[in-house]
Every structure is written in C-alpha cells, then in structure tokens.
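Geometric and topological summary
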Amino acid sequence: MFTDPLGDCSPNDKRIYASILVLIASADGELVREEFCAIEALMGRILIHPEVRIDIRNLLNDPPDLDELLMTIDSSLIKFVLRDAALVAAVDGAYDAAELKVIRRLAAAAEVEDNTLKEIFDWVNSGLEWHHQSLNILGL
Amino acid sequence: MLPDIIHKLPRDERFAYARLLAFMTKVDNELSVAEMAMFEQRLGNALLSPKQREMIRLALKSPPTLESCLEGMGEEAGRLALRDSVLMAAADGTVDEDEREILEEIAAHFGLADDAVERLLRWTFKGYNWMEDGFELLNGLSE
C-alpha cells in the first residue's frame, strides 16, 4: 500500500530523483541529520541499489546542477520530485529561502501553480502531524 | 522520510530496532515489494552503518528469533520498532493473524496498553490515506 510509482521507474530516473533531493537538502548550505535521514528513507523506499546510494551520498559534497538534472529526467516524474523535495525541505522544521527557490524551480518545471504548491505544502504539514501522533501512542 | 527520533538512539539500539524489523518480514512467510519498500525506508531512517545494513540484509535471509530480538532491547527502540512493524505488516494491505499475534507480543513486552496495536493500526491506515491524498494531488496535476 505504501508503494510508489517511483519504484517502477528506471534506475537512471531514480538516480536523478535522489540527486535532486540532495540538491534540496544541501540548498541552504547546511545538511542536518533529519534531512539526511529523509533522503536515506526515500532512497530506500524506491529500492535504489545500495551501490548507487553510495554515489548519491557523495553528491552531498559536490551537489549537481539542477538545470542539467531537469533536462534529463522523465517529465512525468517531476511532480513526484516536487512532492518529495517539499518533504525533505520540511523535515528540519522550516522551509529555508534557498530550499524554496529550488522548490519553485521544480514547480515551474512541473507546471505547478502557486495554489497547487500551497496544497503540496499543506499535504506535507498534515503528514508531519500524522507522524508525530505515533509518538503519543507510544508514550515517547 | 518524515522527521523521526530513531536516528537519535545509540547505534546498537538502532541495530536492534532493524533486527526486529527483519524478523517481521518473515512472519507471514512472504515478503511483498510493499513490505520490502517499507523495510528499506525504515532502515534508511535508522542511519545504520554500511556494515550494519549488510548484516540486516543477511538477517532477511536467515531471520533472528523474536526472543533474541527483544532480549536487551531498550524501551524506546522497542516501541519505535513496534510502530514500524505495524507499518510493515500492513504494507501489503492486510495484517494476518500471525502478524497480529507477534505485534501484540511485542507491545506486551514493552508494557504498552492493551489497545496499543489497535491504535497503531488505525494510525497506520490514516497514514495510507495521507499517502493517497498525495497521489491524488499529483494525479490532479496531470489532468
């Protein structure tokens, strides 16, 4: 039930997807542990090969160019990248201006308008609330 | 992929957490792609070392016993492992009797309330709905 269409895309598209998430995480020049966890989890979720994950992690030290990535990614996947970029950017508690800049470029590439982008942000917030509820159930 | 606290636990506790998840993958004798994806997602959240990941993937082929997983496991790691075991068990759409029994056993081991598993299942399905909302939002973009 938690599978994602991204899991069925090509290894190359998975690599580009994860590379863009790295760009988001490193956009504000500061990679926090929560962002790293989010990227690792999203790479795991779409079953990126362990060796490819090593290459992706290395990109954290030398982030790729967004324009180049957008030119090569399958256009139908950009909206999924946008969704998960919003997730990664939110995990440290706030959207940084540099992160928002990248997100807006992704939104433009996916032809997503501002009101829909707001819906995506709202969806992310509701996910954060949902996840936090588990800690209450567990008494943590 | 959402902010969690598992990465804040000591490394050996994170490893114990992952071992319990590896055990859960084999409870119903079949590992679906959905379960595997959830397992890998939670493993990513736990930030295990590459060597530990390798050991956990090996544990998938030869799962540990529940007793050995629970032995010496800290309460916080155990409770988080229970929550994520529920997520994994439900990932293929159903939680069968064997899985439910094991989940109740883990909950009892860590002193959780009698209705904890039920509440976690409700929380899990709420999360599935949240994911569906995300898909619908994206699907709407294609129309």
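First, a word on scope: everything that follows refers to the structure included in this document.

Conventions we followed
Just so you know, the residues in each chain are numbered from 1, in the order the chain's sequence is written. Written order decides the labels, with chains lettered from A and ligands numbered from 1. With pLDDT at 70 or above as the cut-off, local features in this predicted model cover only qualifying residues; side-chain atom pairs require 80 or more to be listed or tallied, and sums for whole chains, interfaces and linings still use all residues. Here a strand is any run of E in DSSP of at least two residues, a helix any run of H or I of at least four, and the numbering for each starts at the N terminus. Each residue is classed by its C-beta neighbour count within 10 Å, where at least 20 other C-beta atoms makes it buried, 12 or fewer makes it exposed, and intermediate counts make it partly exposed; the C-beta atoms are placed from backbone geometry. Two residues form a contact once the distance between their C-beta atoms, set from the backbone, is within 7 Å. Side-chain classes follow a simple rule in which Ala, Val, Leu, Ile, Met, Phe, Trp, Tyr, Cys and Pro form the nonpolar group, Asp, Glu, Lys and Arg form the charged group, and the remainder, Gly included, forms the polar group. As used throughout, a nonpolar core is a set of buried Ala, Val, Leu, Ile, Met, Phe, Trp, Tyr and Cys residues joined through C-beta atoms within 7 Å of each other. To define axes, lines are fitted to C-alpha atoms, for helices over the stretch in contact only, and angles between the resulting N-to-C directions are given on a 0 to 180 degree scale. Angles are sorted into four bins: roughly parallel if under 35 degrees, roughly antiparallel if over 145, roughly perpendicular if 65 to 115, and oblique for all others. Handedness of each helix crossing follows the sense of rotation of the near helix against the far helix: counterclockwise by less than a right angle gives left-handed, clockwise gives right-handed.

Before going further, it helps to examine the overall build of chain B. Check the secondary structure of chain B and you find 7 helices and 0 strands. Element order for chain B, N to C, with α for helix and β for strand: α-α-α-α-α-α-α. With the C-alpha coordinates aligned to their principal axes, the bounding extent of chain B is approximately 50 × 35 × 30 Å. A burial count over chain B gives 41% of its 143 residues as buried. Within chain B, contacts between residues at least 6 apart in sequence are counted, and of these 81% link residues at least 24 apart.

All names here are of chain B. Here Thr-25 is to be found in the loop between helix H1 (11–24) and helix H2 (33–45). Once the C-alpha coordinates of Thr-25 and Ser-85 are considered, the two residues, 60 residues apart in sequence, prove to be 8.6 Å apart. Residues contacting Thr-25, with those up to four places away along its chain left out, are Leu-31, Glu-35, Phe-39, Leu-60 and Met-88.

With that settled, consider the interface of chain A and chain B. Opposite the 37 residues of chain A that make contact, chain B presents 38 residues. Broken down by element, the side of chain A that touches chain B gets its largest block of residues, 13 residues, from helix H7 (residues 114–138) of chain A. Residue composition of the side of chain A that touches chain B, grouped by class: 21 nonpolar, 9 polar and 7 charged.

Counting 43 residues, the largest nonpolar core has A:Leu21, A:Ile24, A:Ile39, A:Leu82, A:Ala85 and A:Val88 as its most contacted members. For this core, the secondary-structure elements that each account for two or more residues are helix H1 (11–26), helix H2 (33–45), helix H5 (78–90), helix H6 (97–109) and H7 of chain A. Once residues lying within four places of it in the same chain are set aside, the contact partners of A:Ile39 are A:Ala18, A:Leu21, A:Val22, A:Ala25 and A:Val88. Grouped together as the second largest cluster of nonpolar side chains are 38 residues, B:Ala16, B:Val86, B:Leu87 and B:Ile106 included.

Time to look at the packing of H1(B) against helix H3 (residues 50–61) of chain B. All names here are of chain B. It is at 9 Å that the axes of H1 and H3 come closest, and there the two elements cross at 20°. Taken together, H1 and H3 sit at an angle that is classed as roughly parallel. Along this stretch, H1 crosses H3, giving a crossing that reads as right-handed. Of H3, the residues touching H1 (which contributes Phe-15, Ala-18, Arg-19 and Ala-22) are Gln-52, Ile-56, Ala-59 and Leu-60. Residues belonging to the contact of H1 with H3 are distributed by class as follows: 6 nonpolar, 1 polar and 1 charged.

Here we take up unusual backbone geometry. Residues and elements named next belong to chain A. Positive phi is not limited to glycine here, since Leu-47 has a value of about 55°. If you check the backbone angles, Glu-111 has positive phi at about 55° while not being a glycine. Judged by C-beta crowding, with 11 C-beta atoms within 10 Å, Glu-111 ranks as exposed.

Here B:Phe125 is to be found in helix H7 (residues 116–142). Each C-alpha atom, one on B:Phe125 and one on B:Glu35, is 15 Å from the other, the two residues being 90 residues apart in sequence.

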